[in-house]
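Coordinates in review
Okay, here's what each chain looks like letter by letter:
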Amino acid sequence: MNVLVTGGAGYIGSHTVVELLNAGHNAIIVDDLSNAKADVIDRIETITGKRPVFYKLDCKDKDGLRKVFSENQVDAIIHFAAFKAVGESVKKPLQYYRNNLDSAMAMLEVMEEFGCKKFVFSSSATVYGPNNPHPYKEEMKAIESSSPYGWTKVMIERILTDYCTAHPDFCAILLRYFNPIGAHESGLLGDDPNGIPNNLMPYIGRVAAGQLEKLTIFGDDYPTPDGTCQRDYLHVVDLAVGHLKALEYAENHEGVEAINLGTGNGISVLELVHAFETANDMKLPYVIGPRRDGDLPAFWADAGKAKTLLGWEATHTVEDMCRSSWNFAKNAGK
Ligand code: UDP
């Protein structure tokens, strides 16, 4: 298939492009490089021996998208491009709604003009909101979130669902990710956010590299076994393979399908910190700080639907995730 990957130079996008190319698909990347570096395209080529077509383009630019569709036969879309910092979204809601909703809408409108009918969407476990019990199952109500970022995911899921109702020959797969961490085994691709990281693993990586002094664990008084929050961390390469499986499913199906991509296991912040120390034979300086606003105590996936429908399940261990994260972080920026 010829697959247009928006945000394909980003963390999950770049790993997905590698899996697409390795599986014999063609990838066309659209990325404005607002939170990614241009040399990711070279790195993808180094890993796969194939160079994806690349357009430096804002996904809200419909004329730009039309040019991409005119110059390439596009069979399917994987839409990653979005602003993704939860905390920032609370401070800048209009920017988040404008950017994330407009880019999805622009893509759908241009897809319609060009008759493209397969859409894999980068959604999030955040759509389960604060009130569902875990493990989260796809049939639960997923109609609220705790941040503008999360609400954009809820809204785009809704838009895609309504679009599928109106166009029964369209296929939209809503992939609800849990917490991707880890990096490509080459050490060439990984999570390298601009500025001080918000997410746990890139923060740990910077502490391990001596670029940040210590990790602050946000709260140890949650109702969990060790008092720190539990999440379902999965290896980004497993997540990338999940996209490949979703595409293959979409090729032969119509309608909308929400699918969790997680391991089905909860791990606490402290457990992850200790797993990182053991995997990489080092000590990580950390302190316990206050809770972070908006954090839920614990959630993880019911991963059964991905297995039944896509034949996908996570295969990497927590140790793999910690080792590959450090393998990338120690060289990041060099
Ligand atoms: N966390 C932490 N210190 C940090 C960053 C994150 O203790 O510097 C915790 C956070 O409270 C949450 C977990 O790590 O329990 C995962 O947070 P992250 O931001 O990576 O992902 P989220 O689950 O919020 O999407």
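Before any of the text, the structure's been laid out above.
Below you will find a few notes about this structure. (Residues numbered from 1 in each chain as written. Predicted model: local features only at pLDDT ≥ 70, side-chain atom pairs only at ≥ 80, totals over all residues. Heavy atoms only, no water.)

When you go through the protein chain residue by residue, the secondary structure sums to 11 helices and 13 strands. A compact globule built from 334 residues should have a C-alpha radius of gyration of about 20 Å, and the protein chain, at 19 Å, falls within 12% of that. Its C-alpha atoms give the protein chain principal-axis dimensions of roughly 55 × 45 × 40 Å. Considering the protein chain as a whole, with its 334 residues, one finds that 54% of them fall into the buried category. In the form shown here, the protein chain has an accessible surface area of approximately 14400 Å², with 50% of it arising from carbon and sulfur atoms. (Helix = DSSP H or I, 4+ residues; strand = E, 2+ residues; numbered from the N terminus. Rg over C-alpha atoms; globule rule 2.2 N^0.38 Å. Buried < 20%, exposed > 50% of the residue type's maximum accessible area, 1.4 Å probe, protein only. Areas by Shrake-Rupley, 256 points an atom, 1.4 Å probe, with all protein chains shown as cover.)

Looking now at the pairing of strand β5 (residues 118–124). For β5, the tally of buried residues reaches seven of seven residues, placing the bulk of the element in the interior. Because side chains alternate across β5, one face comprises the buried residues Lys 118, Val 120, Ser 122 and Ser 124, and the other comprises Phe 119, Phe 121 and Ser 123, equally buried. Sheet analysis places strand β4 (residues 76–79) next to β5, joined by three bridges and oriented parallel. Across the sheet, Ile 78 pairs through a bridge with Val 120, a residue of β5. Chirality of the crossover, the property in question, places the unit of β5, helix α6 (residues 148–166) and strand β6 (residues 171–177) among those that are right-handed. (Pairing = 2+ DSSP bridges. Right-handed = clockwise from strand over helix to strand, strands pointing away.)

Another aspect to go through is the site of the ligand. Around the ligand sit 15 residues, and of these Leu 200, Thr 216, Phe 218, Arg 231 and Asp 295 come closest. In the environment of the ligand, an oxygen atom lies 2.7 Å from a nitrogen or oxygen atom belonging to the side chain of Arg 231. Between the ligand and the protein, one listed contact pairs an oxygen atom with a side-chain N or O atom of Arg 292 at 2.9 Å. Out of a free accessible area of 520 Å², the ligand has 88% covered by protein chains. Contributions of two or more residues to the shell around the ligand are made by α7 (200–208) and β8 (215–218). Counting residues per element, the shell around the ligand draws most heavily on β8, which supplies four residues. (Near = heavy atom within 4 Å. Polar contact = N/O pair within 3.5 Å; in protein donor to acceptor, adjacent residues only side chain to side chain.)

Turning our attention to the pattern of salt bridges. The tally for this structure, following the rule as stated, stands at 24 salt bridges. The residue Lys 60 makes a salt bridge to Asp 58 at a minimum N-O spacing of 3.0 Å. By relative accessible area, which is 30% here, Lys 60 ends up partly exposed. You can call Asp 58 partly exposed: its relative accessible area is 29%. For the salt bridge of Glu 319 with Arg 323, the shortest nitrogen-to-oxygen distance reads 2.9 Å. (Salt bridge = Lys/Arg side-chain N within 4 Å of Asp/Glu carboxyl O.)

This part covers the packing of aromatic side chains. Applying the stated criterion to the full structure yields nine aromatic pairs. Plain terms: the ring middles of Tyr 136 and Phe 178 are 6.2 Å apart, the flat faces sit at 45° to each other, and that makes the pair tilted. Pair noted here: Tyr 136 is in the loop between β5 and α6 and Phe 178 is in the loop between β6 and β7 (179–181), with a separation of 42 residues, a long-range link. Given a relative accessible area of 5%, Phe 178 falls into the buried group. Relative to Phe 170, the ring of Tyr 163 lies with its centre 4.8 Å away and its plane at 80°, an arrangement referred to as edge-to-face. For the pair formed by Tyr 163 and Phe 170, the shared burial category is buried. Among the aromatic residues, those joined into a cluster by ring pairs are Tyr 128, Tyr 136, Phe 178 and Phe 299. For Arg 291, the ring lying beneath its charged end belongs to Tyr 222, and the centroid distance is 4.0 Å. (Phe/Tyr/Trp six-rings, centres within 6.5 Å; stacked < 30°, edge-to-face > 60°. Lys NZ or Arg CZ within 6 Å of the ring centre and 35° of its normal.)

Another aspect to go through is the nonpolar core. Judged by nonpolar contacts, the single largest core of 50 residues is most densely connected at Leu 20, Ile 44, Tyr 128, Ile 173, Leu 175, Phe 178 and Leu 247. Considering every element that reaches this core, the biggest residue donor is helix α8 (residues 236–251), with eight residues. For Leu 247, the residues in contact, after removing those within four places along its chain, are Met 1, Val 3, Leu 20, Ala 76, Ile 78 and Val 120. Counting 30 residues, the second largest nonpolar core, distinct from the first, contains Leu 65, Val 68, Cys 164 and Ala 172. (Core = buried A, V, L, I, M, F, W, Y, C linked by side-chain atoms within 4.5 Å. Contact = heavy atoms within 4.5 Å.)

On to the environment of Thr 16. Examined against the element boundaries, Thr 16 turns out to sit in helix α1 (residues 11–22). When the C-alpha positions of Thr 16 and Glu 277 are compared, they lie 28 Å apart, and in sequence the two are 261 residues distant. Reaching out from Thr 16, the side chain makes a polar contact with the backbone oxygen of Ile 12 at a distance of 2.9 Å.

This part covers the pairing of strand β1 (residues 2–6). Of all five residues in β1, five are buried; the element is thus mostly enclosed. A two-sided burial pattern is seen for β1, the buried positions comprising Asn 2, Leu 4 and Thr 6 on one face and Val 3 and Val 5 on the other. Examined bridge by bridge, β1 and strand β2 (residues 26–31) share five bridges and lie parallel to one another. Bridging from a neighbouring strand, Leu 4 pairs with Ile 28 of β2. Pairing of β1 with β4, which is carried by four bridges, proceeds in the parallel orientation. Looking at the pairing, Thr 6 lines up with His 79 of β4.

Strand order across the open sheet formed by seven strands is β3-β2-β1-β4-β5-β6-β11, with parallel pairing between neighbours. Edge strands, defined here as strands with exactly one partner in the open sheet, are β3 (53–56) and β11 (255–261). Averaged over all pairs of adjacent strands, the angle between strand axes in this sheet comes to 20°, irrespective of strand direction. Where β2 and β3 come together, four bridges link them in parallel fashion. Paired with Asp 31 across the strands is Lys 56, a residue of β3. (Axes fitted to C-alpha atoms, helices over the stretch in contact; angles between N-to-C directions.)

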